[in-house]
Amino acid sequence: MMSLKGWIDLESATSLGNGTERLALIAFKNGIFDPQSALSSWRDSLHFCKWDGVICSRQHPQRVTALNLVGQHLAGSLSPHISNLSFLASIDLSSNNFQGQIPREIGRLYRLRFLNLSSNSFDGEIPKNLTLCKELKVLELNDNELDGKIPVELGSLRRLESLTLNRNNFIGSIPPSIGNLTSLTHLDLSINNLEGNIPDDLGRMVNLKVLVVRRNNLSGTIPSNFPKLQKLQSISLHDNKLSGKIPSSLGNITQLFGLYREMFYMEAFLEVSEIAAI
């Protein structure tokens, strides 16, 4: 039997909106330090849909669809209770001071399309459960302290258009499964500790416009099928251990810019005149 206090708390939460959504947001707030009172509007007397950084659905009243708290100097851990906001389509917590691991429970957010946790201090591995968010279009985890290997399972996120994992501590090789992301336009894996060859499979990402893998320990040659990336506009491969020649057929990609001789640490280059023509 529910106590009188419990009944009053439940009645209060219900009167101010969806109880589950509200409690999930309160759990999120309780897990962080807010030195600049960015969450001062998150008070009991105000409906949570009016809280700063919280956006609710028009079609589904009292359902949170977006959490936008960019650059608010928030610190602490990201509560796993965020997964109870089941209508979330967008989370942007970039440029804060969040620490700890990315909760695996985020994988329960099946409507999630945009996730930006960049420029924080998240550590540990990318949770494999994250790849259950099949609607993801943007995944930005750059500028953290993430480590381990890049999950092979990321290749199942077929709707992904932007993937930025740069400036972390990832090891191992680039998973060939990344080549399955044929909707991808922007891929940045730079400034990690990746090694091995650049997979030929990346040549299947026909919509790719930007490819950045500089400052790793990648070796081998540039895949010969890269010229098939006809939409490629910028490619940055420098500060690796690549060898061989830049495929001359890259010059057939008329939109390509940002490819310079000094970007490569190679044993052999195209002639200067050939590079100028690219």
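Scoring rules and cut-offs
- Residues numbered from 1 in each chain as written.
- Predicted model: local features only at pLDDT ≥ 70, side-chain atom pairs only at ≥ 80, totals over all residues.
- Heavy atoms only, no water.
- Helix = DSSP H or I, 4+ residues; strand = E, 2+ residues; numbered from the N terminus.
- Buried < 20%, exposed > 50% of the residue type's maximum accessible area, 1.4 Å probe, protein only.
- Contact = heavy atoms within 4.5 Å.
- Areas by Shrake-Rupley, 256 points an atom, 1.4 Å probe, with all protein chains shown as cover.
- Pairing = 2+ DSSP bridges.
- 1 Å grid on protein atoms, 1.4 Å probe; cavity = no way out; pocket = protein on both sides within 12 Å on 5 of 7 lines; lining within 4 Å.
- Points joined across faces, edges and corners; volume = space filled by probe spheres on them.
- Nonpolar A, V, L, I, M, F, W, Y, C, P; charged D, E, K, R; others polar.

Colleague: Where do I start with the overall build of the protein chain in this structure?
Modeller: For the protein chain, the helix and strand inventory stands at three helices and 18 strands. The buried share of the protein chain, taken over its 278 residues, is 48%. Counting contacts in the protein chain only where the partners sit at least 6 residues apart, residues at least 24 apart contribute 49% of the total. For the protein chain, the exposed surface amounts to about 13400 Å²; the carbon and sulfur share of it is 47%.

Colleague: When you look at the pairing of strand E10 (residues 145–149) in this model, what are you seeing that I'm missing?
Modeller: If a strand is regular, its side chains alternate between the two faces of the sheet. One ladder, built from two bridges, connects strand E8 (residues 121–124) with E10; its direction is parallel. Its bridge partner being in E10, Asp123 is matched across the sheet by Glu145.

Colleague: Looking at this model, I keep getting lost on the sheet that holds strand E18 (residues 241–242). Mind explaining?
Modeller: Two modes of strand pairing occur in sheets, parallel and antiparallel, and in both the strands are linked by backbone hydrogen bonds. Across the sheet, which stays open at both edges, the three strands sit in the order E14-E16-E18 with parallel pairing between neighbours. Whereas interior strands pair on both sides, the edge strands pair on one side only; in this sheet they are strand E14 (195–197) and E18. Inspection of the sheet shows E14 paired to strand E16 (residues 217–220) by three bridges, in the parallel sense. By the bridge assignment for E16, Glu195 is matched with Asn217.

Colleague: Even after reading the chapter, I still don't get the environment of Cys133, so can you show me in this structure?
Modeller: Among the structural elements, Cys133 can be located in the loop between E8 and strand E9 (138–140). For Cys133, a relative accessible area of 0% translates into the label buried. Residues in contact with Cys133, not counting those within four places in the same chain, are Ile106, Gly107, Leu109, Leu112 and Leu157.

Colleague: How do you make sense of the layout of surface pockets when you look at a structure like this?
Modeller: A probe matching the size of a water molecule, rolled over the atoms, marks out where space remains unfilled. For the largest pocket, the calculated volume is near 170 Å³. Together, Glu125, Ile126, Lys128, Lys149, Ile150, Pro151, Val152, Glu153, Gly172, Ser173, Pro175 and Pro176 line the largest pocket. Here the lining of the largest pocket is composed, by residue class, of six nonpolar, two polar and four charged.

Colleague: Would you mind going over the pairing of strand E6 (residues 97–101) with me for this structure?
Modeller: Relative to E6, strand E4 (residues 75–77) runs parallel, the two sharing three bridges. Looking across to E6, one finds that Ser77 is bridged to Gln99. The sheet contact formed by E6 and E8 spans three bridges and is parallel. Opposite Gln99, over in E8, you have Ser121 as the bridge partner.

Colleague: Would you mind going over unusual backbone geometry with me for this structure?
Modeller: Both trends apply: most residues other than glycine have a negative phi, and most peptide bonds are in trans. Even without being glycine, Gln62 reaches a positive phi, approximately 70 degrees. Here Gln62 is to be found in the loop between strand E2 (54–56) and strand E3 (64–68). Assessed through its relative accessible area of 34%, Gln62 is described here as partly exposed.

Colleague: It is not clear to me how the side chain of Thr164 should be interpreted in this structure. Could you clarify?
Modeller: Note that Thr164 resides in strand E11 (residues 162–164). Since its relative accessible area comes to 7%, Thr164 is described here as buried. Non-local contacts of Thr164, meaning those with residues more than four positions away in its chain, are made with Leu139, Glu140, Leu141, Asn142, His186 and Asp188.

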